[in-house]
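Take a look at the letters that make up each chain.
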Amino acid sequence: MPEPTHRLALHLLGPLRIWRAGRELTVGPPKQRAVLALLAGRRGTAVSRAQIVDALWGTDAPASAANAVHTYVAALRRTLEPDRGSRESGAFIVSRAGGYELRVPADAVDSSVFVRRYEEARQLVASGDAPAAYERFESALGLWHGEALSGIPGPYAALERTRLREMRFAATEGWIAGLIATGHLDAAIVASSEAIAQEPLRERLRHLHMLALSRCGRQAHAIQAYDEARTLLREELGIDPGRELRELYERILAGEAAAESPPATPAAHRAESPWPSVTPRPPSPSGSPWPARPPRPAASPRTTRSAPFRTYALRPSTHHPAHHPAPLPATRPEAPAPAPAPAPAPIPVPRASSLSPHAGHSLHQLPATARVFIGREPELQQARQKLGQGTARCRSTAPILTVDGPAGVGKTAFALELAHEHTDLFPDGQLYVDLRGTGDGGARSAFDALARLLQGLGVEHGRLPHDLEGRVTLYRTLMHGRRMLLLLDDAAEADQLRPLVPPGPSAVIVTSRRLQRGLVAREGAQRIGLRPLDRQTAADLFVALLGPERCAGHRPTVERLAEYCGRLPLGIRIAAGTMAVNPHLSPRELAERYEDPWTRLDHLSVEGDGEASVRHALEASYLSLSPEAARLFRALGRSGAGTGGPADTIGPADATAFAEGDPAAARRRLDALADVGLLERSGSDAYRFDELVGIYASERAAAADRPTARSTLMMTPIHDDGFPGCCLPDALARS
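Residues numbered from 1 in each chain as written. Predicted model: local features only at pLDDT ≥ 70, side-chain atom pairs only at ≥ 80, totals over all residues. Heavy atoms only, no water.

**Here's the deal with the overall build of the protein**
Counted only if it meets this: The way it works is that DSSP assigns letters per residue, a run of H or I at least four long becomes a helix, a run of E at least two long becomes a strand, and they are numbered from the N terminus. Only protein chains enter the calculation, and the probe is 1.4 Å; a residue is then buried if its accessible area is under 20% of its type maximum, exposed if over 50%, and partly exposed in between. Accessible areas in this description were obtained via Shrake-Rupley with a 1.4 Å probe; residue shielding takes into account the shown protein chains only.
Helix and strand counts for the protein stand at 30 helices and 18 strands. Across the 735 residues in the protein, those meeting the buried criterion constitute 51%. Carbon and sulfur atoms form 53% of the exposed surface of the protein, whose accessible area is close to 31,800 Å².

**Looking at the side chain of arginine 376**
Threshold: What qualifies as a polar contact is a pair of N or O atoms within 3.5 Å, subject to a donor-acceptor requirement within protein and to the restriction that residues adjacent in sequence count only when both atoms come from side chains. Contact between two residues is taken to exist if any of their heavy atoms lie within 4.5 Å; hydrogens are not considered.
With respect to the element layout, arginine 376 can be found in the loop between β7 (363–364) and α13 (377–393). In this structure the side chain of arginine 376 is engaged in a polar contact, spanning 2.9 Å, whose partner is the backbone oxygen of valine 409. Setting aside its immediate chain neighbours within four residues, arginine 376 contacts Val409, Phe414, Leu530, Arg531, Leu533 and Pro569.

**A closer look at the environment of glutamine 32**
Of note, glutamine 32 is situated in helix α1 (residues 30–41). For the pair glutamine 32 and isoleucine 152, spaced 120 residues apart in the sequence, the C-alpha separation amounts to 9.2 Å. Here glutamine 32 is in contact with Val27, Tyr72, Ala75 and Leu76, once residues within four sequence places are set aside. Side-chain polar atoms of glutamine 32 contact the backbone oxygen of valine 27, separated by 2.6 Å.

**Describing the nonpolar core**
Keep this limit in mind: Only buried residues count toward a nonpolar core. Its members are Ala, Val, Leu, Ile, Met, Phe, Trp, Tyr and Cys residues joined through side-chain atoms within 4.5 Å.
Residues Phe542, Leu625, Phe633, Leu673, Leu678 and Leu679 are the most contacted members of the largest nonpolar core, which totals 77 residues. A per-element tally of this core places helix α19 (residues 535–546) first, with seven residues. Excluding its chain neighbours within four sequence positions, the residues that come into contact with phenylalanine 542 are Cys551, Val558, Leu561, Ile572, Ala575, Ala576 and Met579.

**Description of the pairing of strand β6 (residues 99–102)**
Quick note on the threshold: Strands are treated as partners if at least two bridges between them are detected by DSSP.
Here β6 shows two buried faces, one formed by Gly99 and Glu101 and the other by Tyr100 and Leu102. Inspection of the sheet shows strand β5 (residues 93–96) paired to β6 by four bridges, in the antiparallel sense. When the sheet's bridge partners are listed, serine 95 is paired in β6 with tyrosine 100. Between β5 and β6, which follow one another and run antiparallel, lie two residues, and glycine 98 among them has a positive phi close to 75°.

**As for helix α16 (residues 468–479)**
Threshold: Expected helix span is taken as 1.5 Å per residue step, with the number of steps being one fewer than the number of residues.
In this model α16 runs 16 Å from its N-terminal to its C-terminal C-alpha over 12 residues, within 8% of the 16 Å that 1.5 Å per residue would give. With nine of its 12 residues buried, α16 lies for the most part within the structure. Of all the residues in α16, the buried ones are Gly470, Arg471, Val472, Leu474, Tyr475, Arg476, Thr477, Leu478 and Met479. Buried residues in α16 make contact with α6 (155–181), α9 (219–237), β9 (429–434), α15 (446–456) and β10 (485–489).

**Let's talk about the sheet that holds β6**
Note: strands within a sheet are paired through backbone hydrogen bonds, in either parallel or antiparallel orientation. Quick note on the threshold: Axis lines are fitted through C-alpha atoms, for helices just across the contact stretch, and the angle between N-to-C directions can take any value from 0 to 180 degrees.
One open sheet accounts for three strands, arranged β4-β6-β5; its pairing is antiparallel. Each of the sheet's edge strands pairs with one partner strand only, and the pair in question is β4 (47–48) and β5. Here α1 sits on the sheet in contact with β4, β5 and β6, set at roughly 70° to β6. The strands that helix α3 (residues 65–80) touches are β5 and β6; relative to β5, the one it contacts most, it runs at about 145°.

**Notes on the packing of α1 against α3**
Put simply, the test is: Our angle categories are set so that under 35 degrees counts as roughly parallel, over 145 as roughly antiparallel, 65 to 115 as roughly perpendicular, and the remainder as oblique. Any residue outside Ala, Val, Leu, Ile, Met, Phe, Trp, Tyr, Cys, Pro, Asp, Glu, Lys and Arg is labelled polar, Gly included; the first ten of those are nonpolar and the last four are charged.
In contact at an axis separation of 9 Å, α1 and α3 are set at 75° when each is read in the N-to-C sense. The angle between α1 and α3 places the two elements in the roughly perpendicular class. For the pair α1 and α3, the contacting residues are Lys31, Gln32, Val35 and Leu36 in the first and Tyr72, Val73, Ala75 and Leu76 in the second. In terms of residue class, the contact of α1 with α3 is built from six nonpolar, one polar and one charged.

**Thoughts on the sheet that holds strand β11 (residues 507–512)**
Taken together, the six strands give an open sheet; going across it, the order is β7-β9-β10-β11-β8-β12, and neighbouring strands pair in parallel fashion. Each edge of the sheet is formed by a strand with only one pairing partner; in this case those strands are β7 and β12 (526–529). Bridge analysis of β7 against β9 gives two bridges, and the strand direction is parallel. The residue of β9 that forms the bridge with leucine 363 is glycine 429. Against the sheet, helix α14 (residues 411–421) makes contact with β8 (400–404), β10, β11 and β12, and its axis sits at roughly 165° relative to β11, the strand it touches most. Packing against the sheet, α15 makes contact with β7, β9 and β10, and its axis sits at approximately 150° to β9.

**Considerations on the environment of glycine 529**
Tracing the backbone shows glycine 529 in strand β12. By relative accessible area, which is 31% here, glycine 529 ends up partly exposed. C-alpha of glycine 529 to C-alpha of arginine 513: the two residues are 16 residues apart in sequence and 9.8 Å apart in space.

**Considering the pairing of β10**
For β10, the buried fraction is high: five of the five residues fall into the buried class. Of the two faces of β10, both are covered, the one formed by Leu485, Leu487 and Asp489 as well as the one formed by Leu486 and Leu488. Pairing geometry for β10 and β11, over four bridges, is parallel. Note on β11: the bridge partner recorded for leucine 486 is valine 508.

**Some details on the pattern of salt bridges**
We apply this condition: Salt bridges are defined as contacts in which a side-chain nitrogen from Lys or Arg sits within 4 Å of a carboxyl oxygen from Asp or Glu.
Enumeration according to the criterion identifies 38 salt bridges in this entry. Put simply, arginine 667 and aspartate 685 hold a salt bridge, and the shortest N to O gap is 3.3 Å. Here aspartate 685 lies in the loop between β15 (680–683) and β16 (686–688) and arginine 667 lies in helix α28 (residues 663–675), a separation of 18 residues in the sequence. Residues joined in a network through salt bridges with shared partners are Arg535, Asp540, Arg555, Glu559, Glu563 and Arg567.

Here's what the structure looks like:
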């Protein structure tokens, strides 16, 4: 693969612009620019053609979309490498299996540099180095020159704009906190005023603004700022300010905040201005296109200082920022240099304020854990590590842990056990939403799920935004800076989940019968896959549920019962419940009832409770299949393949006959069955049925065969004892 001979530099933090060897290039029409923005945002990673189509058109892709993508990529290659021969491989945009990759270093894309500097600043804050963090935040903000991906169409650009805007404001909050910590109080007041005009609902900005005012001795203005914030939050959202904002207000009223001396400017900052220039410049032909830190002008009694926002009058907004976004220019007017104070006093960077609507109390929406929870220690330990590592690494994006497995395997019980165990790590509370991915009424939409989350956060029903984008924006605003745990139970698809993922430092646990490939691939979600319990643990669960007295002397029978229940916690709980309500029933007698596989699913249910039924649980997974995958499932159930034990497996070759002779289609359908737990992966290209699933597959096959067989036979006239009639075999009569 040839190395690029000239460096590229791409601006995404504003209108998309690109330079090559110091010369700005013309990118082309909007959708062509959207392709370049996507490849730049995913630099170093192969992006499939299908992903590009989704990024540009979403669900409204035309039939010609794939051809259009090819045309756009070809035009971009000609723009980036005009001297490249038609048969030569590109140095910048290289073809990968089914897609393309933009091959440039990380420092060639300004958004990548911004994210890196932002994370470095966060680490400096965590280490207590406020001055260095402040410098790193301002160098990150110096890269911006307008709204990110301005004018770029498509769903990807819209989501990326929102993500980068959120990070920009988080960096601005860190920068303003650094201004306060390093003694630049007047500048902090101006910068926070400008930022509040852009994002009036961000309580941390309000907190910083009031803090800077009080440290300057402007207590009256600080109190006025609190009144404005309280009025706006009540009018816009129907909530009161959060705990930290209220506590700061009370300290100001008591004169405590004003009594603290403003910190002096450290010596390292007295000799030069701490303000970078953020005017965008074309990159140099060689070397990194982005300065490690924006250059500083010479010190003077009054220095022009740059900030990421223009000055606006500070007043309550009557419009939601999601619907009326204001522009974010790159410069602001002068602010006076601070006078050094005689005694420096360190000020910690304020934590994001809690927005709890319940008088400062955390939210606790998690359902109770299961009464008896046995086993799963290896999976729990793995989940603890992944959740802990994700929480430590992801500061701007919430880490996601997905828990998947077949019907009845105990995903919700596992997730609740894990969530309750980690409540101390999320002091701002825990949120819970049942997404009803396998419910009879259909999955809950992201729009409705956001309504429940926002109402849980204190937003009145009448003040909920009426569009999805508005709800997402409000949700992310309210969740910003909060350390909360979100449990999304029984999810269906990744598109249902993505709008619900909050910014860091919160975390998300997702349960789903479907393997969430999209979240793992695109959002970097960590996965825990649950399988049926082992024989001993399943028997232990039965004993713990029923009590050791009823099971004494029946251990082999209990283990056999656990096997009849598929070693599924749902089946075991139903069986134990059956014995609990019938004190005269012994484990041996119950095992005899379950022995016949053709009636076993009839027994593994609770009359009048559709949720307590193994058949009902399997049916929900079956009904989620595509027609082709459902047809393969019935065909395998009819053939009895994969039910004879560990050595009896199903492979693509076995399924090809049921997939119109197409091995690739057979493999896709086998994966679809395994993804929802209706097949168990037992090796590379090897699958098998769990016993209960195999029984259910046979039932579905028989049910599908009956109407066809009946209609065929009923159309055949026969004569019996001289009377014409129709044949109805016993097998069909029992249906």
